[in-house]
Structures are given as structure tokens and as C-alpha cells.
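# Survey of secondary and tertiary structure
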Amino acid sequence: MAQFRRVELLTSQEIEAIHGASLTILRDTGIQVHHAGVLRRLVEAGAQADAARRIARLPERLVLESVERAGKRYVLHGRDPERVARFGYGDLVLMSSPGQYAWVDHRTGQRRPPTGEDLQAAIRLGDALPHITIVGAMAMVADVPSTYRDVFLTAALVKGTTKPTRCFVANGRTARYVLEIYRTVAGGEAALRACPMAEVFVEPISPLQLPHDGLAVLEEFLRAGQPVCFGPMAMASGTAPATLAGTLAQENAEILAGIVVAQVLSPGAPVMVGGIPHIMDVRTSICSFGSPEQALMGVAMAQLAHFYGFPVYINVGITDAKLPDAQAGIEKGASLLLGALAGADMFGHAGICGTDHGASLAWLLMDNELMAYVKRVVRGFEVTPETLATDVVAAVGPGGHYLAEEHTLRHFRREVWLPGPVWTRQTWDGWRDEGATSIGERAAAEVERILATHAPEPLDEALAREVDRIVAAARRELASP
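This section reports on the structure supplied with the text.

Calculation criteria
- Residues numbered from 1 in each chain as written.
- Predicted model: local features only at pLDDT ≥ 70, side-chain atom pairs only at ≥ 80, totals over all residues.
- Heavy atoms only, no water.
- Helix = DSSP H or I, 4+ residues; strand = E, 2+ residues; numbered from the N terminus.
- Rg over C-alpha atoms; globule rule 2.2 N^0.38 Å.
- Buried < 20%, exposed > 50% of the residue type's maximum accessible area, 1.4 Å probe, protein only.
- Areas by Shrake-Rupley, 256 points an atom, 1.4 Å probe, with all protein chains shown as cover.
- Lys, Arg positive; Asp, Glu negative; His and termini not counted.
- Charge placed at Lys NZ, Arg CZ, Asp CG, Glu CD.
- Axes fitted to C-alpha atoms, helices over the stretch in contact; angles between N-to-C directions.
- Parallel < 35°, antiparallel > 145°, perpendicular 65-115°, else oblique.
- Contact = heavy atoms within 4.5 Å.
- Nonpolar A, V, L, I, M, F, W, Y, C, P; charged D, E, K, R; others polar.
- Salt bridge = Lys/Arg side-chain N within 4 Å of Asp/Glu carboxyl O.
- Pairing = 2+ DSSP bridges.
- Expected span 1.5 Å × (residues − 1).
- Phe/Tyr/Trp six-rings, centres within 6.5 Å; stacked < 30°, edge-to-face > 60°.
- Lys NZ or Arg CZ within 6 Å of the ring centre and 35° of its normal.
- Core = buried A, V, L, I, M, F, W, Y, C linked by side-chain atoms within 4.5 Å.

## A short note on the overall build of the chain
- In terms of helices and strands, the chain carries 18 helices and 21 strands.
- Computed over its C-alpha atoms, the radius of gyration of the chain comes to 24 Å, within 12% of the 23 Å expected for a compact globule of 481 residues.
- Overall, the chain is about 80 × 55 × 50 Å in size when its C-alpha atoms are taken along their principal axes.
- A total of 481 residues make up the chain; the buried ones form 53% of that total.
- If you sum the accessible surface of the chain, you get close to 21000 Å²; carbon and sulfur atoms cover 56% of it.
- Across the chain, the 45 positively charged side chains and the 54 negatively charged ones have centroids separated by 4 Å.

Have a look at this one:
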């Protein structure tokens with residue numbers, strides 16, 4: 001296959017213009033840093049600070065040096081050394097949601113608080129689905145106190161799947177326990193540093209703020225030698241300018257500020273750009289996940305990340321729809337395909353129903369199938385003398401068929417994508433005889449089949465006991481603020 005040609009939206013001049021606007025924002029307006037220690041380190045590195053307002057103004061030199069110094073690729077490891085997530089290598093990485101506060105039951109269609117049973121089902125399904133590279137917790141279990149919930153979720157993840165894992169880490173105190181779990185599973189501090197298992201996600205708060213808890217988590221993960229992703233959720237017309245170019249310039253400035261902090265704290269630390277801006281629907285003041293602008297900004301953020309040399313995570317393959325209907329298919333399919341063709345590394349999050357309205361196992365399964373479809377498109381096809389097959393055409397001749405040809409046997413499995421049971425390619429009568437089901441109904445049935453048959457490889461019993469001990473310690477010691 002010829003060298004893959006990425007979809008591009010911005011010209012090189014437009015990329016330079018957004019880059020320049022971001023540098024101007026950081027130099028003249030600055031970023032509010034809600035962490036006194038980090039603000040002090042930025043000043044020591046050359047930033048100018050307004051201590052009373054906690055504003056750091058970052059000179060262009062500091063920003064560009066930080067971008068140059070940062071690591072540009074990395075690998076996250078699961079318990080199984082063969083199950084990894086690679087960033088900066090051209091892979092397409094799909095992650096199930098790290099956590100949602102509501103649950104859409106695939107059996108009833110009703111929304112409710114998530115339970116421990118939902119958490120275990122989400123992990124088991126994520127472990128089984130071949131196109132879910134990183135297994136997220138999906139369920140913010142309602143009856144586990146928030147003081148140590150992320151520690152509880154991390155323990156369930158490392159015990160329930162051999163893939164790389166992710167949940168949202170709340171603050172610096174819980175981060176220490178989360179990292180202790182990963183050190184235990186990895187085989188110690190040096191082993192975790194050599195083979196990172198956890199990437200910290202830091203979300204700058206738009207407009208132009210770096211939150212205290214996010215920076216405290218960042219400090220802990222960088223000390224442990226783990227990679228970092230900065231992903232502000234700037235919202236056009238709400239927390240960012242109404243123009244897409246203005247939103248991109250601010251989003252990019254917030255990411256660059258995070259990169260500066262990471263490199264000041266830990267020079268050379270590997271970074272992924274989280275280019276996840278959105279728009280606000282001005283009729284409702286609600287954030288939109290499925291707008292066409294979402295796809296446009298996803299492509300643009302991929303181009304900006306490549307301009308700096310970073311891998312990139314973008315929010316595509318998501319939807320505002322509450323049912324797996326035509327709206328969901330249009331919004332998810334169009335944006336995920338464009339993002340993949342733009343060369344983004346990670347997409348998500350998978351398994352979300354609507355605009356963070358809840359997590360759903362049926363939606364997770366459909367997202368897995370959508371990624372399979374997109375991967376086939378991105379793979380393209382070869383044009384060679386063998387694939388042009390003029391000799392085969394001559395041998396078959398007018399009126400013949402190719403079913404019995406050895407050439408067909410050699411090539412059809414690679415050339416033609418064969419979908420799983422969630423899809424239908426039946427005749428009308430065959431579809432009707434099989435129950436006349438929708439894709440949502442078939443997805444729910446496939447979820448039930450997988451949950452009934454898939455058993456993830458368990459964690460070593462001694463390691464599992466040690467993980468449980470860490471969770472128990474967190475429960476005791478984090479009860480007070």
C-alpha cells in the first residue's frame with residue numbers, strides 16, 4: 001500500500017497562525033495556576049507571575065524549549081506483555097470510558113446509578129472486545145465513597161483485565177495509592193518506570209486555568225515516570241471564543257501550558273496532546289458531542305499535534321443521541337473516520353451514551369464494531385500486478401466467475417472485511433426470520449453472550465491480596481479530608 005496520506009483541514013500557514021496566537025495568549029494573557037508549588041517552579045524556569053492572581057505568563061522561549069524537550073512517543077503496558085497501547089507509532093487506540101456517573105442498562109434501556117456489578121461487567125467486556133485497547137472503569141460505582149473511589153476502581157481494573165487500564169484519578173492523595181497498585185502489579189518502582197502502565201490525564205479548566213488537584217496528580221505520576229496527556233475541554237461560545245479558530249488557539253495554549261509544567265517538573269517526560277474542544281449549542285447552553293464542528297476541530301487538533309511532533313487524543317466517535325439510531329450512526333461514524341484519517345492516535349471515549357449521559361455496555365460493543373470498520377477503511381488496499389489480477393481476469397473470461405479461483409482464496413480474507421453478528425447483511429426475509437432486530441438489540445444480545453462466556457485471566461492471588469490491602473489502607477486513611 002502507498003504511504004498513507006492524512007486528511008488535512010488547515011494549511012501550513014493556518015497552523016502557524018494558530019500556533020502564534022497560542023504563544024501570544026500565553027505570553028500576554030497568561031495561565032492561572034492554582035498550585036503554589038507549581039507556580040513557583042514556573043517562575044524559576046523563567047515565567048513572569050502575578051502572585052496575587054496566580055497568573056503565570058510564559059515566554060515563547062520557555063514554551064518552545066518545553067515542546068522540544070518533551071518525549072513524543074510511549075507505550076502503556078497491561079499485565080499481559082502482549083497487550084499494550086502504543087502512542088506515536090501510527091496505531092489506532094480506542095479506550096472505554098474511564099468513568100461515568102450514570103448507567104444506561106442494556107437490558108432495560110433505563111438510566112440509573114452504576115453498581116459494582118456494572119463495573120465488573122464493563123471490565124470483562126472491555127477485556128474481551130478486540131478493538132478496545134485500553135479498558136476504562138466506565139462505572140463510577142455509586143456506593144463507593146468518592147474519597148477513595150479511584151483507588152477502588154484501579155484495583156478492580158488490574159484484577160479484571162490484562163490490558164492497559166484507566167480511571168479518572170481525583171487528587172494527589174488518591175494518586176499515591178493508585179500508583180502503589182500499579183507498582184505492585186508491575187513488580188516495583190523500577191519496573192513501572194521501565195514499562196509504564198498508567199497515563200495521567202490532566203484537564204486544564206477553560207478558559208486558561210490549571211487546577212490544583214490535576215497538578216497534584218501530575219506531580220505524583222511524573223515522579224513515578226508515567227506519561228501524561230493534557231486535554232482541556234474548551235467549549236466554543238461558552239468557555240472559549242465563538243469562532244473555531246479562536247477556540248483552537250485557546251485550547252492549544254492551555255495544552256502548551258501543561259506541557260511547560262510537565263517539562264519543568266520532569267524534563268523529557270512523554271506527552272500526548274488531548275485535543276478535545278467542543279461547541280456549546282447556543283439554544284440550550286448544552287455541550288455538543290456530535291456536531292460537525294466536533295469533527296472539524298478534531299482534525300485540526302490532530303494537525304496541530306503533528307506540527308509539534310506529539311501523539312494526539314481527540315474526542316470523536318461520540319454522539320448527542322440517546323439511542324443507537326441514525327443520528328448516532330452519522331455523528332459517530334463521520335467523526336471517528338475523519339479523526340482516524342487525520343492520523344490521530346486515540347479516540348473516545350467508547351461506551352458513552354449521549355453527551356456523558358451515562359455508560360452502556362451495548363454502546364461499548366457498538367463502538368468496538370465501529371472501530372473495526374474504521375480500521376478497515378484506514379488500511380486501504382494495494383495496487384500491484386498481483387492485485388490488479390489481469391491474468392486472472394483473462395483466465396476466467398467473459399461470463400465466468402471467480403469463486404473457484406486460487407487467487408480469490410489467497411486474497412479475499414484480507415481484501416474484504418467480514419462484520420460480526422451486530423451487523424446485518426441478510427436479505428429482507430432472512431432478517432425478518434431472525435427477529436427483525438435493530439443494531440441496538442443485536443448489540444445487547446452480543447453483550448449477554450460475551451459476559452456469559454468470557455473469563456479474563458485472573459491476577460496472581462498473592463498480588464490480588466496485596467492490591468486489596470492497598471485499597472483497604474486507602475479506605476481507612478482517606479476517610480478524612
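## Quick look at the packing of helix α6 (residues 172-186) against helix α18 (residues 461-477)
- Direction vectors running N to C along α6 and α18 enclose 170°, while the axes themselves pass 9 Å from each other. Considering their axes alone, α6 and α18 lie roughly antiparallel with respect to each other. Side by side, α6 and α18 meet where Arg173, Tyr177, Glu180, Ile181, Thr184 and Val185 of the first sit next to Leu463, Glu466, Val467, Ile470, Val471, Ala473, Ala474 and Glu477 of the second.
- For the contact of α6 with α18, a count of residues per class yields 9 nonpolar, 1 polar and 4 charged.

## With respect to the pattern of salt bridges
- Taken as a whole and assessed by the stated rule, the structure comprises 23 salt bridges.
- Members of the salt-bridge network, linked through shared partners, are Asp105, Arg112 and Asp118.

## Structural notes on the sheet that holds strand β17 (residues 286-288)
- Within the open sheet, the 3 strands sit side by side as β14-β16-β17. Their pairing is mixed. Where the open sheet ends on each side, the last strands, each with one partner, are β14 (235-236) and β17.

## What about helix α4 (residues 116-128)?
- For α4, built from 13 residues, the straight-helix expectation of 18 Å at 1.5 Å per residue is met to within 8% by its first-to-last C-alpha distance of 19 Å.
- The inward-facing, buried residues of α4 abut β7 (103-104), β8 (111-112), β9 (135-136), α5 (149-160), α12 (361-379) and α17 (439-453).

## Looking at unusual backbone geometry
- The amide bond that connects Ser206 to the next residue, Pro207, takes the cis arrangement and shows omega of 0°.
- With respect to the secondary-structure elements, Pro207 resides in the loop between β11 (200-202) and β12 (209-210).
- Look at the link from Gly348 to His349: it is a cis peptide, with omega at 10°.
- Looking at the element boundaries, His349 is found in strand β19 (residues 346-350).
- A positive phi angle, near 60°, is found at Leu208, a position not held by glycine.

## Remarks on the pairing of strand β6 (residues 93-96)
- Neither face of β6 is open: one carries Val93 and Met95, the other Leu94 and Ser96, and all of them are buried.
- For β6 and β19, the ladder comprises 3 bridges, and the chain directions are parallel. Looking across to β19, one finds that Ser96 is bridged to Ala350.

## Focus on the pairing of strand β16 (residues 278-281)
- Of the strand pairs in this sheet, β14 and β16 are connected by 2 bridges, and their pairing is parallel. Considered in β16, the bridge of Ala236 is made with Ile279.
- Sheet analysis places β16 next to β17, joined by 3 bridges and oriented antiparallel. Of the residues in β17, the one forming a bridge with Asp281 is Ile286.
- Linking β16 to β17, which pair antiparallel, is a turn of 4 residues; within it Ser285 sits at a positive phi near 65°.

## Comments concerning the packing of aromatic side chains
- Evaluated as defined, the whole model comprises 8 aromatic pairs.
- Relative to Trp423, the ring of Tyr373 has its centre 5.8 Å away and its plane inclined at 20°; by these criteria the two rings are stacked. Here Tyr373, found in helix α12, pairs with Trp423, found in the loop between α15 (406-415) and α16 (428-433); they are 50 residues apart in sequence, far enough to count as distant.
- One aromatic cluster in this structure is built from Phe168, Phe201 and Tyr313.
- Its end group placed over the ring of Tyr89, Arg73 keeps NZ or CZ at 4.2 Å from the ring centre.

## Quick notes on the nonpolar core
- Counting residues in each nonpolar core, the largest one holds 128 residues, and the members touching the most others are Val33, Leu42, Leu58, Leu125, Leu218, Phe230 and Phe347.
- When residues of this core are assigned to their parent elements, the largest contribution, 11 residues, is made by helix α9 (residues 244-265).
- If sequence neighbours within four positions are ignored, Leu218 has contacts with Val200, Val202, Val228, Phe230, Val261 and Leu265.
- Ranked by size, the runner-up nonpolar core spans 12 residues in total, among them Ala85, Met95, Cys229 and Ile276.

## Thoughts on the sheet that holds strand β18 (residues 312-314)
- The sheet built from 6 strands is open, its strands ordered β6-β19-β18-β15-β13-β11 with parallel pairing. Where the open sheet ends on each side, the last strands, each with one partner, are β6 and β11. Each adjacent strand pair in this sheet contributes to an overall mean axis angle of 25°, direction not counted.
- Contacts from helix α8 (residues 212-223) reach β11 and β13 (228-230) within the one sheet, and its direction differs from that of β11 by about 155°.

## Brief notes about the environment of Ala464
- Along the polypeptide, Ala464 turns up in helix α18.
- Setting aside chain neighbours within four positions, we find Ala464 in contact with Lys159 and Leu459.

That's the geometry; what it means functionally is another story.
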